[in-house]
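Notes for the structure review
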Amino acid sequence: MNSKTSEVIKLLTKEYPDIKCLLDHETPFQLLVATILSAQTTDKKVNEITKDLFRDYPTLDDFLLLTREELEERIKQIGLYRNKSKHILLMCRQLKEQFGGEVPNTLEDLTSLAGVGRKTANVVLSNAFGVPAIAVDTHVFRVSNRIGIANAKNVLNTELQLQEAVDKSLWILTHRLLIFHGRRCCYARNPNCDECIIKEYCDYYKSAKP
Ligand code: SF4
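Think of each chain on its own: its residues are numbered from 1, step by step along the sequence as written. Note on the predicted model: pLDDT of at least 70 is required for a residue's local features to be given, and 80 or more for side-chain atom pairs to be given and counted; whole-chain, interface and lining totals, by contrast, use all residues.

**Notes on unusual backbone geometry**
Negative phi is the rule for most residues except glycine; trans is the rule for most peptide bonds. Located in the positive-phi region is Gln40, a residue other than glycine, with phi close to 55°. Located in the positive-phi region is Leu80, a residue other than glycine, with phi close to 60°. Starting at the N terminus, helices and strands are each numbered in turn, a helix being any DSSP run of H or I of at least four residues and a strand any DSSP run of E of at least two. Secondary-structure assignment places Leu80 in the loop between α5 (68-75) and α6 (81-99).

This is the structure in structure tokens:
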């Protein structure tokens, strides 16, 4: 790991000592459902919905009792709820029939499930199973490319470059730090560069300086 990457991680760790997964869940299954729900929706909104949903339907077997209409009714405040409802119920059947009712813990198996792309799989791997993974969401993509730890045009290449640049033992931490920094300082519009603790290491800041 080069000194720039190492310093950035050190400084962000100091800045965000409270980092954690922001989607409320108690089991890998609940995290999988919450992550599917979170596409193009805020974590806050998802947590509001899942609070009651997971109280009434805490397990896979409970979800298998839900009809599509019932689930749609439960999640209708969330964007794309019809598609998400369809995918979640299909995913539940796949879990039961192909994985013995357990959420699998490999990228390949997770991405074979309905509604589960690489990002969702990486979120579940890292947060539910502690498997080193870097899920590249909009924050991770923007912040890592601005800093210059990655220099990629798409999320897959960003993920691969981050895996190269960061020690594997720090992948989960780095993923969370980049998300927090994106939410709290390195905004998509008008990043707060003047207050940014890592500005001296940031390519975007250096190139934007008069
Ligand atoms: S200096 Fe600005 S662009 Fe760079 S990481 Fe900080 S907030 Fe983001």
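**A word on the nonpolar core**
By size, the foremost hydrophobic cluster in this structure holds 55 residues, and its most contacted members are Leu32, Val33, Leu37, Ile88, Cys92, Val124 and Val140. With seven residues, the single largest contributor to this core is helix α2 (residues 28-37). Either an automatic procedure or a domain database provided the assignment from which the domain bounds are taken. Counting residues domain by domain, this core receives three or more from each of domain 1 (3-19 + 134-208) and domain 2 (28-129). Throughout, a residue-residue contact means that the two C-beta atoms, derived from backbone geometry, are no farther apart than 7 Å. Once you skip the residues sitting within four places of it in the chain, Val124 turns out to touch Pro28, Leu31, Leu32, Thr35, Val103 and Leu110. By convention the nonpolar core is taken to be a set of buried residues drawn from Ala, Val, Leu, Ile, Met, Phe, Trp, Tyr and Cys and joined through C-beta atoms within 7 Å. Buried means a residue has 20 or more other C-beta atoms within 10 Å of its own C-beta, exposed means 12 or fewer, and partly exposed covers the counts in between; C-beta atoms are placed from the backbone.

**Digging into the domain arrangement of the protein**
Split into domains, the protein comes out as domain 1 (3-19 + 134-208) and domain 2 (28-129). Residues are grouped as follows: Ala, Val, Leu, Ile, Met, Phe, Trp, Tyr, Cys and Pro are nonpolar; Asp, Glu, Lys and Arg are charged; all remaining types, including Gly, are polar. Residue composition of the side of domain 1 that touches domain 2, by class: four nonpolar, one polar and one charged.

**So, the site of the ligand**
Taken together, 14 residues surround the ligand, and among them Cys186, Cys193, Cys196, Cys202 and Tyr205 come closest. Listed by contribution, the elements that provide at least two residues to the shell around the ligand are α9 (138-147) and α12 (203-208). A breakdown of the residues in the shell around the ligand according to their chemical character gives eleven nonpolar, one polar and two charged. Each residue gets a C-beta atom placed from its backbone. If that atom is within 6 Å of a molecule or strand, the residue is near it.

**Quick look at helix α10 (residues 155-165)**
Burial in α10 covers these residues: Thr158, Glu159, Leu162 and Ala165. Down the axis of α10, the buried set is contained in an arc of 130°. They therefore lie on one face. Exposed side chains of α10 directed beyond 90 degrees from the buried face belong to Leu156 and Glu164. Packing partners of the buried residues in α10 comprise α1 (3-15), α9 and α11 (171-184). The directions from the helix axis to the C-beta atoms form the arc being described.

**Some thoughts on the environment of Val131**
Residue position: Val131 is located in the loop between α8 (118-129) and α9. What makes Val131 partly exposed here is the crowd of 16 C-beta atoms within 10 Å. It is 21 Å that separates the C-alpha atoms of Val131 and Ser38, two residues lying 93 residues apart in sequence. Setting aside its immediate chain neighbours within four residues, Val131 contacts Asn105, Leu125 and Ser126.

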